[in-house]
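Observations on the model geometry
In case you want the letters, here they are:
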Amino acid sequence: MKYYIKTFGCQQNEADSERIASNCKARGMTPATSYKTADYVIINTCMVKETAENRVYGLVNNLGILKKERPLKIIGTGCMVGAGFRDPTGNYLARLKKIMPEVDEFMPIEEVGF
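For the structure given in this document, a descriptive report is provided here. Because the structure is a prediction, the values reported are computed rather than measured.

**Some remarks on the sheet that holds strand S4 (residues 73–78)**
- If you trace the five strands from one edge of the open sheet to the other, you get S2-S1-S3-S4-S5, paired in parallel fashion. At either margin of the open sheet sits one strand with a lone partner, and together these are strand S2 (30–31) and strand S5 (105–106).
- The sheet strands contacting helix H2 (residues 50–67) are strand S1 (2–7), strand S3 (40–45) and S4, and the helix crosses S3 at an angle near 170°.

This is the structure in structure tokens:
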């Protein structure tokens with residue numbers, strides 16, 4: 001199994017992505033050079049800048065097209081997803097799921113490590 005991690009945002013997100021990569025490697029997975037060759041794509045999101053959010057949406061859209069051609073698991077994590085899980089109304093997470101139906105799982109960063 002191959003994984004690909006796309007990181008948006010700050011140095012903390014970079015550090016979190018390194019931790020996720022270590023977890024993937026510990027499970028016998030190997031890194032893919034591109035999302036186009038991965039079995040799992042983990043998107044570590046940022047919501048500080050609108051441009052980062054828009055880039056997340058664009059990537060997920062592209063992954064959705066690829067997902068129609070072959071098996072692919074998409075996992076969303078990071079700031080955007082964390083905000084969704086912290087929202088007591090559940091509205092923000094519901095919005096993310098509606099905007100990005102291609103994502104198989106939304107997970108707070110603390111839980112990523114499958």
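**Some details on the pattern of salt bridges**
- For the structure shown, the criterion picks out two salt bridges.
- Of the charged contacts, one joins Asp-104 and Lys-67 as a salt bridge, the two residues approaching to 2.7 Å between their closest N and O atoms. With a gap of 37 residues between them, Asp-104 in the loop between helix H4 (91–99) and S5 and Lys-67 in helix H2 connect regions that are remote in the sequence.
- Asp-104 sits in the partly exposed class, given a relative accessible area of 40%.
- Linking Glu-105 and Lys-73 is a salt bridge whose minimum nitrogen-to-oxygen distance equals 2.8 Å. One end of the pair, Glu-105, is in strand S5; the other, Lys-73, is in strand S4, with 32 residues separating them in the sequence.
- Accessibility expressed as a relative area gives 30% for Lys-73, which makes it partly exposed.

**Some words on the environment of Phe-85**
- Of note, Phe-85 is situated in helix H3 (residues 79–86).
- Separated by 22 residues in sequence, Phe-85 and Met-107 have C-alpha atoms that sit 8.3 Å apart.
- Excluding residues within four positions of it along the chain, Phe-85 makes contact with Leu-93, Phe-106, Met-107 and Pro-108.

**Overview of the pairing of S4**
- Most of S4 sits inside the fold, with five of its six residues counted as buried.
- Bridge count between S3 and S4: six bridges; the pairing is parallel. Residue pairing for S4: Ile-43 is matched across the bridge by Gly-76.
- In this fold, the crossover linking S3 to S4 by way of H2 has right-handed handedness.
- Summarising the sheet, S4 and S5 pair through two bridges and their orientation is parallel. Considered in S5, the bridge of Gly-76 is made with Phe-106.

**What about the side chain of Asn-13?**
- Mapping Asn-13 onto the fold places it in helix H1 (residues 11–26).
- Judged by its relative accessible area of 3%, Asn-13 is buried.
- Excluding residues that lie within four positions of it along the chain, Asn-13 makes contacts with Thr-7, Phe-8, Asn-44, Thr-45, Cys-46 and Cys-79.

How each quantity is defined
In every chain, residue numbers begin from 1 and rise along the written sequence. Local features in a predicted model are, by the rule used here, given only for residues with pLDDT of at least 70; side-chain atom pairs are given and counted only at 80 or more, and totals for whole chains, interfaces and linings are based on all residues. The basis for every side-chain value is the complete set of heavy atoms in the structure, and neither hydrogens nor water enter the calculation. Whether two strands pair depends on DSSP finding at least two bridges between them. Only DSSP runs of H or I covering at least 4 residues are called helices, and only runs of E covering at least 2 are called strands; the numbering of each starts at the N terminus. Contacts are assigned to residue pairs that have any heavy atoms within 4.5 Å of one another. What counts as an axis is a line fitted to C-alpha atoms, over the stretch in contact for a helix, and the angles between N-to-C directions run from 0 to 180 degrees. For this analysis, a salt bridge means a side-chain nitrogen from Lys or Arg found within 4 Å of a carboxyl oxygen belonging to Asp or Glu. Note on exposure labels: buried denotes an accessible area under 20% of the residue type's maximum, exposed denotes more than 50%, and partly exposed covers the range between, all computed with a 1.4 Å probe on protein chains only. Look down the strands so they point away from you; if the path from the first strand over the helix to the second goes clockwise, the crossover is right-handed.

Geometry only, nothing functional implied.
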